[in-house]
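Each chain is listed here by its residues.
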Amino acid sequence: MIFKAVGDSRPYPDHGLVSPSDWSGIAPRQVRLDQLITTKTTLDLATLLDADSTFYGDLFPHVVRWDGLLYLEDGLHRALRTALHHRTVLHARVLELGPATGPRAVHRAQEVRMPR
């Protein structure tokens, strides 16, 4: 299994981050693919195979942590490309959404240990 689950929507509230520059203040950190829940069920094959797929966007996928779960909001093609290269971890910008606090960026790096 590549992802924890495949979803078709964003179950968390709107966080207001739209452009790559909005997300740029969040430092990338390692995230395991098997902890991610996708928010899209379809993938554009042309985007997946395009060598310049991140030319106009962020180099790092966007993940929202809400209610203890990690949702892959943007970067499905990058995550799948990572899996096709037999890697289980990718670097992503993770936005923490709390029920009372609203958006809160996680700026600290977190070590991810691989199972042996």
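The name an unreviewed UniProt entry assigns to the protein is Type II toxin-antitoxin system VapB family antitoxin, from the organism Kocuria oceani.

> What should I look at first to understand the layout of surface pockets in this one?
The probe, sized like a water molecule, is rolled over the atoms to show the empty space still left. Computed from the structure, the largest pocket encloses a volume of approximately 180 Å³. Taken together, 15 residues form the lining of the largest pocket, with R10, H15, L17, V18 and E73 sitting closest to its centre. Looking at the lining of the largest pocket, the elements with two or more residues in it are α1 (20–23) and β5 (69–74). For the lining of the largest pocket, a count of residues per class yields six nonpolar, four polar and five charged.

> I keep staring at empty space enclosed by the protein and nothing clicks. Help me out?
Considering all chains together, one arrives at one cavity of 30 Å³ or more under this definition. By volume, the largest cavity amounts to about 30 Å³. Contributing to the lining of the largest cavity are T38, T39, K40, L72, E73, D74, G75 and L76. Along the lines of polarity and charge, the residues of the lining of the largest cavity split into two nonpolar, three polar and three charged.

> Help me understand the environment of K4, please; the structure alone is not making it clear to me.
As for its position among the elements, K4 is in the segment before β1 (5–6). It is 9.7 Å that separates the C-alpha atoms of K4 and L69, two residues lying 65 residues apart in sequence. Beyond its immediate sequence surroundings of up to four residues, K4 is in contact with L33, D34, Q35, L36, I37 and L69.

> What is the right way to read the pattern of salt bridges from this model?
Pairing between side chains becomes possible if they bear opposite charge and their charged atoms approach one another. All chains considered together, the criterion is met by two salt bridges. Across the salt bridge formed by D34 and R32, the nearest N and O atoms sit 2.7 Å from each other. Judged by its relative accessible area of 35%, D34 falls in the partly exposed class. A relative accessible area of 12% places R32 in the buried class. One salt bridge in this structure joins R65 and E96, with 3.7 Å as the shortest N-O distance. Within this pair, whereas R65 is found in strand β4 (residues 62–66), its partner E96 is found in strand β6 (residues 89–98), the two being separated by 31 residues in sequence. We classify E96 as buried; its relative accessible area is 15%.

> How should the packing of aromatic side chains be read in this particular structure?
A complete count under the given rule lists one aromatic pair for this structure. Judged by centre distance (5.6 Å) and plane angle (50°), the rings of Y12 and Y71 are tilted. Taken together, the residues Y12 in the loop between β1 and α1 and Y71 in strand β5 connect sequence positions 59 residues apart. Assessed through its relative accessible area of 6%, Y12 is described here as buried.

Definitions and limits used
- Residues numbered from 1 in each chain as written.
- Predicted model: local features only at pLDDT ≥ 70, side-chain atom pairs only at ≥ 80, totals over all residues.
- Heavy atoms only, no water.
- 1 Å grid on protein atoms, 1.4 Å probe; cavity = no way out; pocket = protein on both sides within 12 Å on 5 of 7 lines; lining within 4 Å.
- Points joined across faces, edges and corners; volume = space filled by probe spheres on them.
- Helix = DSSP H or I, 4+ residues; strand = E, 2+ residues; numbered from the N terminus.
- Nonpolar A, V, L, I, M, F, W, Y, C, P; charged D, E, K, R; others polar.
- Contact = heavy atoms within 4.5 Å.
- Salt bridge = Lys/Arg side-chain N within 4 Å of Asp/Glu carboxyl O.
- Buried < 20%, exposed > 50% of the residue type's maximum accessible area, 1.4 Å probe, protein only.
- Phe/Tyr/Trp six-rings, centres within 6.5 Å; stacked < 30°, edge-to-face > 60°.

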